[in-house]
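# Observations on the model geometry
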Amino acid sequence: MSGTFVGMPAFPTAAREALADTQLRRNLAHATRTIRDKRAAVVAEVEDWEELRVAGAAVKEAALRDLATHLETLEASLVAAGATVHWARDAAEACAIVASVAHTHGVDEVVKVKSMATAEIGLNEALEAEGIAAWETDLAELIVQLGDDLPSHILVPAIHRNRAEVREIFRRRMGDVGRPAPDDLTDEPAMLAGAARAHLREKFLRAKVAVSGANFAVADTGTLVVVESEGNGRMCLTLPDVLVSVVGIEKVVATWSDLDPMLRLLPRSSTGERMNPYTSTWSGVTPGDGPQEVHVVLLDNGRTRALADDVGRQALRCIRCSACLNVCPVYERVGGHAYGSVYPGPIGAILNPLLNGVADEQTASLPYASSLCGACFEVCPVRIDIPSVLVDQRAAVVDSHRGDRVPKPEAVAMKAAAWTFSSAKRLARAERASGLAGRVLGRFSRTTLPGGRAAAGRLPGPAAGWTGARDLPAPPTESFREWWDRTDGGRDGSAR
Amino acid sequence: MSARDEILGRVRSALSGVSPAVDLPPAPRAPDRGDLVALFVERVEDYRAVVTRCSPDDLGSVVAEVLGSASSVVPPGLGLDVAGSVVDDGLAAADLDRIDAVVTRARVGIAETGTLVLDHAPDQGRRAISLVPDLHVCIVDAAQVVADVPDAIALLDPARPTTWISGPSATSDIELDRVEGVHGPRTLHVVLVG
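Residues numbered from 1 in each chain as written. Chains lettered and ligands numbered in written order. Predicted model: local features only at pLDDT ≥ 70, side-chain atom pairs only at ≥ 80, totals over all residues. Heavy atoms only, no water.

### Section: the overall build of chain A
For chain A, the count of helices and strands is 23 helices and 13 strands. When the backbone C-alpha atoms are referred to their principal axes, chain A occupies close to 95 × 55 × 50 Å. Across the 496 residues in chain A, those meeting the buried criterion constitute 57%. Here the analysis covers contacts within chain A between residues at least 6 apart in sequence; of these, 72% occur between residues at least 24 apart. Total accessible area on chain A stands at roughly 20000 Å², and carbon and sulfur atoms take up 55% of it. On chain A, the mean spot of the 56 positive side-chain charges and the mean spot of the 62 negative ones are 9 Å from each other. (Helix = DSSP H or I, 4+ residues; strand = E, 2+ residues; numbered from the N terminus. Buried < 20%, exposed > 50% of the residue type's maximum accessible area, 1.4 Å probe, protein only. Contact = heavy atoms within 4.5 Å. Areas by Shrake-Rupley, 256 points an atom, 1.4 Å probe, with all protein chains shown as cover. Lys, Arg positive; Asp, Glu negative; His and termini not counted. Charge placed at Lys NZ, Arg CZ, Asp CG, Glu CD.)

In structure tokens:
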């Protein structure tokens, strides 16, 4: 079974460890470069990509802003189509519903379509505790599961593994849970995919119960949509007798025709293809075709918390394409594990605090895991302004510490700055001190910035956290106000 | 309070004071690409699927040639005699697993993306038959090819299950390199009529 993110250290600590792993950095650099190039090529093919993004964002935004109505419509459509609808306030409630469906059918295993919602709620671990094995059938999820590993990417959870590592995991572990890998297994991706095909086929053929998520849920028709590549999704959605789909309440779109901009935006943004190999849509039960018992679990688990946030609400438009991960300079270097969540990267840095709040130190560290360069916003197919939400969540982190008995050094520094800046006399004194520091540094500093300006090296004490990873430029020896006094605002001719 | 009522209550209170009105601009249309059928063929082949074009009269012989000696299953309403094939009458998955190939029609072809959409009408059969066998021979009429995704969406009935197929089964999960052939049919052979 896969590991757990519980107890992960805050981002700066986890990132430092990840940066030291040169194999990881090589794997990530290679994979993210490949996918960035593919995406750029197929997005460039669409003349009106920007208008398409605007249309996609509007479809999701409209659904969110009238969510209660759409959820009631969805429920009614699903029930009319023969599905059973469940509602789950949180992860535990959702897991209990899935376990109870499995127990009702007396099974000790389920096959799973790759699903972020079920990863978020820790469904596999919950089912394991109930004596039910949950077999991941997506290739990357299988690699993570067999390797007792953690997912590190939304689309490709095993992006941190290269082909040689995948071969080792398959050879070592496949035999423990079913058909073993062939003896002559090489690290050719085609052969590794073939091994997964042979290994999972017997599980598909015998499974009675399948678990999926959904990429979209169409309110007016009760249609669920799963977008995939390998056909493992089709296997799970088609062959078993019983299907349980765990669907976040933000997956709703109002109408069938709303799928148009979404199905054009998602594959190009996600795998960099004009269209993904397989998309399945189904509305409840189809007599004589596919599962004859269909359950849908509508999941909150923090989504209504995010919905109430006027700035952060837009994060619920996310269609989990991962384009923001692939372009992020921070993600590309540290990888997904450092974010301590199934949602890594820029979207994870806003989604986790929005869903869970910023009370714990790990989640509160995420809004700072960004240089605010804006590449994520540029590629987002539903125009989530991630940098603005990051800044707003940083404010939320600061606000959450306002009542602290022992204020953070940053808060003390800001108070001191406010006190200094609110009086001309105090500011002048501070400027003279800073000018003196500038002269000292100019003479003794051994660090020079491009352009020749001196910089402070690593400072001791409370400043170490800042200067450990950054160059602090030496302050100017003369402040603006001193220059103005000396030169009469540049009019006396001695300005320089 | 039930989970349902509590969640709906949370949604309403989260959105209190938020206007539900959102301007919905129409999704843009791709410009006219000229010969749709030629574009469709090019885009299907781009996924490393095989495309054979033939006249209606030659369809039977072309399908027979594509199948060769492979065992095959067909949906009850295929409307074409395929020698030696089994007509699906609700075959078990394990039985389908022992059959090499499947021959189906399609509901619509999308030129822009090289996609075939099946809505599992009697000429296409249950979802399982076009999934388990390793070779999918899919017959599509040139007149069924539309320009882009919105045209297909408008033609499809959401009450029916649909399967959108763009090339053979594939994965990009190892180093984000696309390789064909995972769980779905490893070979997709499109026979384009007309």
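### Looking at the packing of helix 4 (residues 67-80) of chain A against helix 1 (residues 3-14) of chain B
Interhelical geometry of helix 4 of chain A versus helix 1 of chain B gives an angle of 150° and a closest axis separation of 8 Å. Taken together, the axes of helix 4 of chain A and helix 1 of chain B lie roughly antiparallel to each other. Facing helix 4 of chain A, whose interface residues are Leu 67, Ala 68, Leu 71, Glu 72 and Glu 75 of chain A, helix 1 of chain B presents Arg 4, Leu 8, Val 11 and Arg 12 of chain B. Its residues assigned to classes, the contact of helix 4 of chain A with helix 1 of chain B comprises 5 nonpolar, no polar and 4 charged. (Axes fitted to C-alpha atoms, helices over the stretch in contact; angles between N-to-C directions. Parallel < 35°, antiparallel > 145°, perpendicular 65-115°, else oblique. Nonpolar A, V, L, I, M, F, W, Y, C, P; charged D, E, K, R; others polar.)

### Quick word on the packing of aromatic side chains
Residues and elements named next belong to chain A. In the structure shown here, the tally under the stated rule is 5 aromatic pairs over all chains. The interplanar angle of 55° and the centroid separation of 5.0 Å between the aromatic rings of Phe 11 and Tyr 339 together place this pair among those described as tilted. Separated by 328 residues along the polypeptide, Phe 11 in helix 1 (residues 11-19) and Tyr 339 in the loop between helix 15 (329-334) and helix 16 (345-356) bring together distant segments of the chain. When its relative accessible area of 0% is taken as the criterion, Tyr 339 is described as buried. Plain terms: the ring middles of Trp 483 and Trp 484 are 6.3 Å apart, the flat faces sit at 65° to each other, and that makes the pair edge-to-face. One aromatic cluster in this structure is built from Phe 11, Tyr 331 and Tyr 339. The cationic tip of Lys 203 hangs over the ring face of Trp 135; the distance from NZ or CZ to the ring centre is 4.3 Å. Its end group placed over the ring of Tyr 278, Arg 234 keeps NZ or CZ at 4.5 Å from the ring centre. (Phe/Tyr/Trp six-rings, centres within 6.5 Å; stacked < 30°, edge-to-face > 60°. Lys NZ or Arg CZ within 6 Å of the ring centre and 35° of its normal.)

### Focus: the interface of chain A and chain B
Taken residue by residue, the interface counts 92 residues in chain A and 76 residues in chain B. For the pairing of chain A and chain B, the buried interface totals around 7100 Å² over both sides, and the portion due to carbon and sulfur atoms is 60%. Viewed at the interface, chain B and chain A are joined by 14 salt bridges. For the salt bridge of Glu 273 of chain A with Arg 178 of chain B, the shortest nitrogen-to-oxygen distance reads 2.1 Å. The interface formed by chain A and chain B holds 34 residue pairs in polar contact (both at pLDDT 80 or more) in total. Residue composition of the side of chain A that touches chain B, grouped by class: 45 nonpolar, 20 polar and 27 charged. Two strands pair when backbone bridges link them, and strand 9 (residues 278-283) of chain A and strand 9 (residues 162-165) of chain B are joined in this way by 4 bridges, in the antiparallel orientation. (Buried area = accessible area lost by both parts, 1.4 Å probe. Salt bridge = Lys/Arg side-chain N within 4 Å of Asp/Glu carboxyl O. Polar contact = N/O pair within 3.5 Å; in protein donor to acceptor, adjacent residues only side chain to side chain. Pairing = 2+ DSSP bridges.)

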